[in-house]
Amino acid sequence: EEWQDRGAAVGVRQETGPDGKPVTRYIKKGVRDFSFGQTLGEGSYSTVVLATDRQTLNEYAIKILDKRHIIKEKKVKYVNIEKDTLNRLTDHPGIVRLYYTFQDERSLYFVLDLCKGGELLGVLKRMSTFDEECTRFYGAQILDTIDYMHRRGVIHRDLKPENILLDDQMHTKVTDFGTAKILKGKRRPDDSQNGMPPIDTGDVPGEERASSFVGTAEYVSPELLTDKSACKASDLWAFGCIIFQLLAGRPPFKAANEYLTFQKIVNLEYEFPSGFPAVGRDLVERLLVLDPTRRLPMEHIKNHEFFRGVTWGRGLWKQKAPRLK
Ligand SMILES: Nc1ncnc2c1ncn2[C@@H]1O[C@H](COP(=O)(O)OP(=O)(O)OP(=O)(O)O)[C@@H](O)[C@H]1O
Ligand SMILES: O=C(O)C[C@H](Cc1nc2cc(Cl)cc(Cl)c2[nH]1)c1ccc(Cl)cc1
């Protein structure tokens with residue numbers, strides 16, 4: 001076929017069809033369809049480069065992974081989980097969109113949304129703390145995104161300010177899904193009859209817990225440390241840590257080393273700095289609860305006083321980000 005002589009690899013693009021079902025499109029995109037620019041950043045197994053699509057002139061961030069390195073470091077599983085997870089989360093403004101994947105003899109390529117605003121962590125460091133209005137706006141976007149992920153049966157498991165990027169409108173984009181967990185929700189019997197797509201509620205008994213991975217020390221949930229398994233509420237624990245950190249300028253659990261940090265987490269040892277807003281404190285105290293089943297559930301967080309006045313859903317993403325002051 002024509003794409004073989006163009007040396008382009010077949011790129012696979014996951015879309016949501018008119019009937020709401022996932023559609024796989026085979027796009028003939030390859031390295032030669034892009035002109036590569038500056039390096040945006042380096043990961044342990046990846047380099048992220050600014051790239052422009054030669055036909056459309058659209059700009060992207062292309063994450064390039066060296067195949068040999070991936071194999072040597074035994075990261076094949078993570079790369080494929082990142083691809084499968086991103087292909088499942090294709091229609092939400094708060095997720096870094098994956099447009100194509102392709103490979104050549106040396107590398108794998110993820111063509112992603114370009115997030116010109118960098119990491120939320122970097123913005124927070126420059127501001128030292130966020131005021132309540134900014135924390136409410138950025139927190140609401142992150143929570144709306146977590147809600148979308150959970151409804152699609154995905155637990156992120158490593159939410160933290162480094163993994164929350166910002167686009168040129170200063171809207172949040174969650175990234176880094178290599179350590180996510182896809183809950184295999186079962187097709188409910190009645191759904192198959194009327195052809196409804198399976199609802200990934202992850203409420204299959206025993207299925208809603210995932211094990212064998214530990215996130216970043218400061219944001220790890222107590223259940224992951226005590227009984228080695230994460231659930232959707234583990235992402236809400238991390239969300240509580242992020243809200244605390246935006247308002248306080250530091251994460252709630254931080255010690256000289258990982259072991260001491262873990263000890264603080266399982267003993268719920270943390271303090272609010274003086275001046276921490278009372279409404280924010282109430283929200284954090286209802287999220288940083290050791291027992292995941294007693295943590296504030298999603299709908300109650302959205303209705304919490306701290307988020308009073310927030311319009312949830314697509315309207316949230318049309319708003320202008322408040323000036324960071
Ligand atoms: N879509 C993007 N747009 C702009 N910059 C990005 C994008 N994705 C990643 N980056 C930046 O590129 C750098 C490398 O990101 P990458 O996800 O490849 O590795 P990482 O997850 O940060 O590192 P590690 O793999 O060690 O966890 C990071 O600093 C990140 O901020
Ligand atoms: O599922 C697919 O479309 C095909 C491949 C799967 C795949 N092929 C691989 C080869 C190597 Cl060497 C390493 C990994 Cl992690 C590999 N993953 C693929 C291609 C590109 C990207 Cl970014 C991810 C996975």
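As the structure is a prediction and not an experimental result, all values here were calculated from the model. Residue numbers restart at each chain and count upward from 1, following the sequence in its written direction. Here the convention is simple: chains get letters from A, ligands get numbers from 1, in the order in which they are written. Given that the model is predicted, a residue must reach a pLDDT of at least 70 before its local features are reported, and side-chain atom pairs must reach 80 or more before they are shown or counted; all residues, however, enter totals for whole chains, interfaces and linings. To get the side-chain values, all heavy atoms of the structure are used, and hydrogens and water are removed first.

Asker: Before we go on, may I ask you to explain helix α9 (residues 258–266) in this structure?
Answerer: Owing to its 3.6 residues per turn, the α-helix aligns residues three or four sequence positions apart on the same side. A 1.4 Å probe rolled over the protein chains alone gives each residue an accessible area, and that area as a share of the maximum for its type sets the label: buried under 20%, exposed over 50%, partly exposed in between. To qualify as a helix, a DSSP run of H or I must reach at least 4 residues; to qualify as a strand, a run of E must reach at least 2; elements of each kind are numbered from the N terminus. Listed as buried for α9 are Thr 261, Phe 262 and Ile 265. The arc that holds every buried residue of α9, seen down its axis, measures 100°, which confines them to one face. Polar contacts, as used here, are pairs of N or O atoms within 3.5 Å; protein pairs need one atom able to donate a hydrogen and one able to accept it. Residues neighboring in sequence count only if both atoms are side-chain atoms. Capping the start of α9, Asn 257 holds a side-chain oxygen 2.9 Å from the backbone nitrogen of Tyr 259, two or three residues further along. Picture the helix axis, draw a direction to every C-beta atom, and the arc is the one those directions span.

Asker: Hey, could you run me through the site of ligand 2 in this one?
Answerer: Proximity is defined per residue: if any heavy atom of the residue lies within 4 Å of a molecule or strand, that residue is considered near it. Taken together, 13 residues form the shell around ligand 2, and within it Lys 67, Ile 71, Asn 80, Lys 83 and Tyr 109 come nearest. One of the side-chain N or O atoms of Asn 80 is found 2.9 Å from a nitrogen atom in ligand 2. The separation between an oxygen atom of ligand 2 and a polar side-chain atom of Lys 83 is 3.1 Å. Only the protein chains shown count as cover for residues, with accessible areas throughout obtained via the Shrake-Rupley method and a probe of 1.4 Å. Alone, ligand 2 offers 550 Å² of accessible surface; in the complex the protein occludes 76% of this. Counting residues per element, the ones that place at least two in the shell around ligand 2 are α2 (67–72), α3 (76–88), β6 (98–103) and β7 (107–112). Ranked by residue count, the leading element in the shell around ligand 2 is α3, at four residues. Broken down by class, the residue content of the shell around ligand 2 amounts to eight nonpolar, three polar and two charged. In this classification, Asp, Glu, Lys and Arg are treated as charged, Ala, Val, Leu, Ile, Met, Phe, Trp, Tyr, Cys and Pro as nonpolar, and every other residue, Gly included, as polar.

Asker: Which parts of the structure should I look at to understand the packing of helix α5 (residues 132–151) against helix α8 (residues 232–248)?
Answerer: Where α5 contacts α8, the axes come no closer than 10 Å and their chain directions differ by 165°. Relative to α8, α5 is oriented roughly antiparallel. In this structure, α5 crosses over α8, and the sense of that crossing is right-handed. Counted together, Glu 132, Thr 135, Gly 139, Ile 142, Leu 143, Ile 146 and His 150 of α5 and Lys 232, Asp 235, Leu 236, Phe 239, Ile 242, Ile 243, Leu 246 and Leu 247 of α8 form the full contact between these two elements. For the contact of α5 with α8, the per-class residue count stands at nine nonpolar, three polar and three charged. Here an axis means a line fitted to C-alpha atoms, over the contact stretch when the element is a helix, while the angle between two N-to-C directions is reported on a 0 to 180 degree scale. Working rule for angles: under 35 degrees goes down as roughly parallel, over 145 as roughly antiparallel, 65 to 115 as roughly perpendicular, anything else as oblique. Handedness of each helix crossing follows the sense of rotation of the near helix against the far helix: counterclockwise by less than a right angle gives left-handed, clockwise gives right-handed. Between two residues, a contact is recorded if the distance between any of their heavy atoms is within 4.5 Å.

Remember, this is a structural readout, not a statement about activity or role.
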